[in-house]
Amino acid sequence: MQCSLRKRRPTRDSDFSAIVVPSMHGSGYLDYTVEGHASKSFKVMDEFRQQEKLCDLVLHVTYKDSTVDFKVHKVVLASCSPYFRAMFTSSFKECHASEVTLRDVCPQVVGRLIDFAYTSHITVGEKCVLHVLLAAMRYQMEDVAKACCDFLMKHLEPSNVIGIARFAEELGCKELHQQSREYINTHFSEVTKEEEFFSLTHCQLLELISQESLKVLCESEVYKACTDWVRWDMENRSQYLHALLNAVHIYALPPKFLKNQLQSCPILSKANSCKDFLSKIFQDMTLRKLPPAPLRGTQLIYVAGGYRQHSLATMEAYDPRSNAWIKLADMDSPCSGLGACALFGLLYTVGGRNLSLQNNTESSSLCCYNPMTNQWSQRASLNVPRNRVGVGVVDSCIYAVGGSQGSTHHNTVERWDPESNRWSYVCPMSVARLGAGVVACGGALYVVGGFDGQNRWSTAEKYQPDTNTWHQLASMSTVRSGLGLVALNSYLYAVGGYDGRSQLSSVECYNVARNTWEPRASMQYCRSAHGVAVHQGRIFVLGGFNQLGFLCSVESYHPDKNEWTCITDMPVGRSGMGIAVTMEPCPGSLPEEEEDFGTT
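Definitions and cut-offs
Residues numbered from 1 in each chain as written. Predicted model: local features only at pLDDT ≥ 70, side-chain atom pairs only at ≥ 80, totals over all residues. Heavy atoms only, no water. Helix = DSSP H or I, 4+ residues; strand = E, 2+ residues; numbered from the N terminus. Expected span 1.5 Å × (residues − 1). Buried < 20%, exposed > 50% of the residue type's maximum accessible area, 1.4 Å probe, protein only. Pairing = 2+ DSSP bridges. Axes fitted to C-alpha atoms, helices over the stretch in contact; angles between N-to-C directions. Parallel < 35°, antiparallel > 145°, perpendicular 65-115°, else oblique. Contact = heavy atoms within 4.5 Å. Nonpolar A, V, L, I, M, F, W, Y, C, P; charged D, E, K, R; others polar. Salt bridge = Lys/Arg side-chain N within 4 Å of Asp/Glu carboxyl O. Phe/Tyr/Trp six-rings, centres within 6.5 Å; stacked < 30°, edge-to-face > 60°. Lys NZ or Arg CZ within 6 Å of the ring centre and 35° of its normal.

Q: Before we move on, can you summarise helix 2 (residues 37-50) with the specific residues and values?
A: Note on helix geometry: an α-helix contains 3.6 residues per turn, so any two residues three or four positions apart are oriented the same way. Helix length check: helix 2, at 14 residues, gives a terminal C-alpha distance of 20 Å against a target of 20 Å (1.5 Å per residue), a fit within 8%. Glutamate 52 sits one or two positions beyond helix 2 and adopts a positive phi of about 55 degrees.

What follows is the structure in structure tokens.
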């Protein structure tokens, strides 16, 4: 006689799954696992607890001058706590005891842990979470500790993060401690304004500011945090100022900021050795015209706007370490032919135009992007619109060089002061230049090549801000407009461009000390109106245009090897974009789905 087994949907009261295991039991046998059995059993045991049935242990929980008793089952506590498991299964006297006393722990907290042992449910809030976490770690209830740490990680704030980081370190909560430290690094400027910050010891502050992963727009934020900490208790803390200043990246401070501190900082006026230390560094900056010091944290190459059949509003950042592109907030309006630079960690775009089939509007805008917030804002407009403008930064001021408005090609130059948020004209160049290469080096502004509407230039000139004068330099061997110009190790590199007949792949190197140009290895692609930037001692060239159309390729130049390497592609090929290097955006400011394009 044969019988058949028909599968049917389990009802709520017979909630099980069937698994056929013929090799174990022979044909016709089924193993059944009843889902929810464990939770139902614990629910019944919890009912027994509430009714004080079959309980084999009384916990006396003493705290200060009071004692609260809990009747429980040893096996339940032992099942979720290695602490109680060892207590009840070893040779300890508690193994056979019917009563156990827990001292110096809040009865309400123990009650929550017992509830969790029976129900797998726990509720934590701001007032109790630290107490529950401390007890969970004490009694080795790992799941409860994880829940508390998760709650704390989701409620980190500038006002509490230092205390939570200390607490986590003392308890050995590694993930919470790491997350807290990362939060402090990312929100350093906000954290240093809170009372907890001023309770740090000088050793703790030294450890904090010595981290290269600290995210600050400008090193002046670190300097100010140190002086504010000293000012909190001048009598006892002034002795630590010199040690703190040694941990600050002094050479990364803007010279103008350092000069102001030497003149007006009340703490320095009472600390002669520190003032002498900073004065010497300031002299090095001004006399030797040192290159900018390396910045903290990871630096990315930002690409703003550009042109591909029409002007673009997009902004991305490229991370050479991971070979990944990150999508960032769009600009307020499409723009190509713009200049870009970084100042105090912020990215600025200057001028350009919005060109499409419906529109051709030239721009006088100065726009500011904050990597900490992934947001754009407006600053004071230029005195005149400037398309295909050159941009450089000298002495913490932004210079907008040349460009065009309609058929007018500018030889004028404007300077923006971030303190006053105003543009003012400086001495004009010797000739008008559109699409010129512009870069700052050694406290001077260098301008190379360009187009005046009739002539393309091979000439170069240098602007000295202290005298407001221009000086002619040796000319390149090739006329170039739409070129890239960067400074690296006291050399200038003029890269690619257009000579009036075709796009160029050639590169020339200018020796600042000798006032001479020399050829260097050519790029693998001819290109003009491309982006060029220096990152970690290498030159990166992005996009541009040639006879084949808009380029998406990215090449990297190693100066010691004198060779170019194709390393990746841009998400979208384009020309005429703004390029600058500054700190990576804070992950919390980016929408999760837009953080990463992936590698290309």
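Following the structure, the description resumes.
Q: Help me get a handle on the pairing of strand 26 (residues 491-498), residues and values and all.
A: In terms of burial, strand 26 is a largely internal element, 6 of the 8 residues being buried. Sheet analysis places strand 25 (residues 484-488) next to strand 26, joined by 5 bridges and oriented antiparallel. Looking across to strand 26, one finds that leucine 485 is bridged to alanine 494. The hairpin turn running from strand 25 into strand 26, its antiparallel successor, is 2 residues long, and asparagine 489 in that turn takes a positive phi close to 55 degrees. Counting the residues in the hairpin turn of strand 26 and strand 27 (residues 503-511) gives 4 residues, including glycine 500, whose phi is positive at 100 degrees.

Q: So what's going on with the sheet that holds strand 16 (residues 397-401)? Residues and values would help.
A: A sheet is described by the order of its strands in space; here 4 strands give the open sequence 15-16-19-20, paired in antiparallel fashion. Across the chains shown, the open sheet's two edge strands, defined by having one partner strand only, are strand 15 (390-394) and strand 20 (422-426). Sheet twist, expressed as the mean angle between neighbouring strand axes with direction ignored, is 25 degrees. Inspection of the sheet shows strand 15 paired to strand 16 by 5 bridges, in the antiparallel sense. Within the sheet, the bridge partner assigned to glycine 392 lies in strand 16 and is tyrosine 399.

Q: Can you lay out the packing of helix 2 against helix 5 (residues 107-119) for me, pointing to particular residues and giving the numbers?
A: Between helix 2 and helix 5, the shortest axis-to-axis distance is 8 Å and the interhelical angle comes to 140 degrees. As judged from the angle between their axes, helix 2 and helix 5 are oblique. On the side of helix 2, the interface is formed by Phe42, Met45, Asp46 and Arg49, while helix 5 contributes Ile114, Asp115, Ala117, Tyr118 and Thr119. Looking at the contact of helix 2 with helix 5 residue by residue, the classes come out as 5 nonpolar, 1 polar and 3 charged.

Q: Explain the sheet that holds strand 26 to me, and be specific about the residues and the numbers.
A: The strand order 25-26-27-28 describes an open sheet built from 4 strands, whose pairing is antiparallel. Each edge of the open sheet carries a strand with a single partner, namely strand 25 and strand 28 (516-520). Shown here is a sheet whose adjacent strand axes are inclined to one another by a mean of 25 degrees, direction ignored.

Q: Before we move on, can you summarise the pattern of salt bridges with the specific residues and values?
A: Evaluated as defined, the whole model comprises 20 salt bridges. The residue glutamate 219 makes a salt bridge to arginine 296 at a minimum N-O spacing of 2.8 Å. With glutamate 219 in the loop between helix 11 (202-209) and helix 12 (220-232) and arginine 296 in the loop between helix 16 (272-288) and strand 6 (299-304), this pair connects stretches of sequence that are 77 residues apart. Considered together, glutamate 219 and arginine 296 belong to a single accessibility category, that of buried residues. One salt bridge connects glutamate 414 with arginine 386, and the closest N-O pair in it is separated by 3.1 Å. Linking glutamate 414 in strand 19 (residues 413-417) with arginine 386 in the loop between strand 14 (375-379) and strand 15, this pair joins segments that are 28 residues apart in sequence.

Q: Break down the packing of aromatic side chains for me, citing the residues and quoting the values.
A: Summed over all chains, the structure comprises 20 aromatic pairs. Both rings, one in phenylalanine 197 and one in phenylalanine 198, keep their centres 5.2 Å apart while their planes meet at 75 degrees; by these two values the pair is edge-to-face. The exposure class assigned to phenylalanine 197 is buried, which follows from its relative accessible area of 0%. The exposure class of phenylalanine 198 is buried, given its relative accessible area of 10%. Between the aromatic rings of tyrosine 302 and tyrosine 369, the centroid separation amounts to 6.0 Å while the plane-to-plane angle is 55 degrees, which identifies the pairing as tilted. Of this pair, tyrosine 302 sits in strand 6 while tyrosine 369 sits in strand 13 (residues 366-370), and the two are 67 residues apart along the sequence. Here tyrosine 302 matches tyrosine 369 in class, with each residue buried. Here a set of aromatic residues connected by ring pairs shows up, and it is made of Tyr83, Phe84, Phe88 and Tyr139. Its guanidinium or amino end placed over the ring of tyrosine 118, arginine 49 lies 4.7 Å from that ring's centre, counting from NZ or CZ. Taking the ring centre of phenylalanine 451 as reference, the NZ or CZ of arginine 456 above it sits at 4.2 Å.

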